[in-house]
Amino acid sequence: MKAEARTDAVIPAAGVGRRMGSATPKQYLCLAGKSVLERTAEIFLNCDRIRRVVIAINKSDTRFSSLPIASDPRVVVCDGGDSRYLSVISALEHSTAPYVAVHDAARPLLSTRDLETVLDYGERDDDGAILALAMADTVKLGDEGRCLRTVPREKLWRALTPQVFKREILLKALRYADSAGQEITDEASAMELSGYKPRLVEARDPNFKITLPQDLMIARSLFGDKTC
Ligand code: C5P
């Protein structure tokens, strides 16, 4: 018999996607006939290790309620905040699962095998785990558009999502980071500030964040999208 699912997906989806330059927030742009947000949420809804999917939306959002996933009994919706980590805190407060997998709404390409692997590691200990990519390019320290120096890349990783942690520990770490006035752009940085060392799990499949119009073009071609 399959063990009971211990993890909720937490999807911050309250951003406006300014860099996309579109009037429609990027999580509502069309990807192969559905919104980016539905594509992302469905990855978790189709995974039997996920209990519920908690989605933080913008307080002025008028689109979410008309999506088919809005009426899925496993979907919980809550208000997001003024920054990504505040949206994540709000969603964590609406979760009751022992573990959470925090995943950007704008990463609709996550594969099931990468999700399963990061869950395997993240559900194992208090430090948790994040999907990440080893740095492939030469890395420059820049200043005013010029190279200052080359940074050794051997120990550099790009942090992706999902990031999987014990919910109570992550909530405490994010609140601590908030009170310390630290800028938090992913969950692992809050955990690091509290002395944890999340495991780096190397992603095997494409899982980039849709940020610029060209990202959406690539995502659409990977989906074989001819509809939008
Ligand atoms: O803007 P960026 O791509 O870094 O946002 C990453 C994720 O955080 C997106 O899914 C976005 O909707 C979400 N976000 C949020 N609340 C904010 C800002 C961003 O949920 N205030």
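Things to note about the overall build of the chain
Thinking step 1. Scanning the chain from N- to C-terminus turns up 6 helices and 11 strands.
Thinking step 2. On the principal axes, the C-alpha backbone points of the chain span a range of 50 × 40 × 35 Å.
Thinking step 3. Looking at the chain as a whole, 48% of its 228 residues are labelled buried.
Thinking step 4. Considering only residue pairs separated by 6 or more positions, the chain has 71% of its internal contacts joining residues 24 or more positions apart.
Thinking step 5. For the chain, the computed accessible surface area is about 12000 Å², with 49% contributed by carbon and sulfur atoms.
Thinking step 6. When the 33 positive and 32 negative side-chain charges of the chain are each reduced to one mean point, those points stand 2 Å apart.

Quick word on the pattern of salt bridges
Thinking step 1. Throughout the structure, instances matching the rule amount to 16 salt bridges.
Thinking step 2. Two residues, Arg74 and Asp72, come together in a salt bridge whose shortest N-O distance is 3.3 Å.
Thinking step 3. Residue class for Arg74 comes out partly exposed when judged on its relative accessible area of 33%.
Thinking step 4. One salt-bridge network, in which partners are shared between bridges, spans Arg6, Arg49, Glu116, Asp120 and Glu123.

A look at the sheet that holds strand E6 (residues 99-102)
Thinking step 1. Across the sheet, 7 strands lie side by side as E5-E4-E1-E6-E10-E7-E11; this open sheet has mixed pairing. A single partner strand is all that each edge strand has here, and the edge strands are strand E5 (75-79) and strand E11 (199-202). On average, each strand axis in the sheet is inclined to that of its neighbour by 30°, with strand direction left out of account.
Thinking step 2. Where E6 lies against strand E10 (residues 157-166), 4 bridges are found, and the strand directions are antiparallel. Its bridge partner lying in E10, Ala101 is registered against Val164.

Considering the nonpolar core
Thinking step 1. Ile11, Leu37, Phe44, Val53, Ile55, Phe64 and Ile69 are the most contacted members of the largest nonpolar core, which totals 30 residues.
Thinking step 2. Contributing elements (two or more residues each) for this core: strand E1 (7-13), helix H1 (36-45), strand E4 (50-57), helix H3 (112-122), strand E7 (129-134) and E10.
Thinking step 3. Among the elements that line this core, the one with the most residues is H1, at 5 residues.
Thinking step 4. Discounting chain neighbours no more than four positions away, the residues touching Phe44 are Ala9, Ile11, Ile50, Val53, Ala101, His103, Leu110, Leu115 and Pro162.
Thinking step 5. One finds Val54, Val88, Ala91 and Leu92 within the second-largest nonpolar core, a separate group that totals 25 residues.

Looking at the side chain of Thr40
Thinking step 1. Within the secondary structure layout, Thr40 lies in helix H1.
Thinking step 2. What Thr40 contacts, discounting residues up to four positions off in sequence, is Ile11, His103, Asp104, Ala105, Arg107 and Pro108.

Thresholds applied
- Residues numbered from 1 in each chain as written.
- Predicted model: local features only at pLDDT ≥ 70, side-chain atom pairs only at ≥ 80, totals over all residues.
- Heavy atoms only, no water.
- Helix = DSSP H or I, 4+ residues; strand = E, 2+ residues; numbered from the N terminus.
- Buried < 20%, exposed > 50% of the residue type's maximum accessible area, 1.4 Å probe, protein only.
- Contact = heavy atoms within 4.5 Å.
- Areas by Shrake-Rupley, 256 points an atom, 1.4 Å probe, with all protein chains shown as cover.
- Lys, Arg positive; Asp, Glu negative; His and termini not counted.
- Charge placed at Lys NZ, Arg CZ, Asp CG, Glu CD.
- Salt bridge = Lys/Arg side-chain N within 4 Å of Asp/Glu carboxyl O.
- Pairing = 2+ DSSP bridges.
- Axes fitted to C-alpha atoms, helices over the stretch in contact; angles between N-to-C directions.
- Core = buried A, V, L, I, M, F, W, Y, C linked by side-chain atoms within 4.5 Å.

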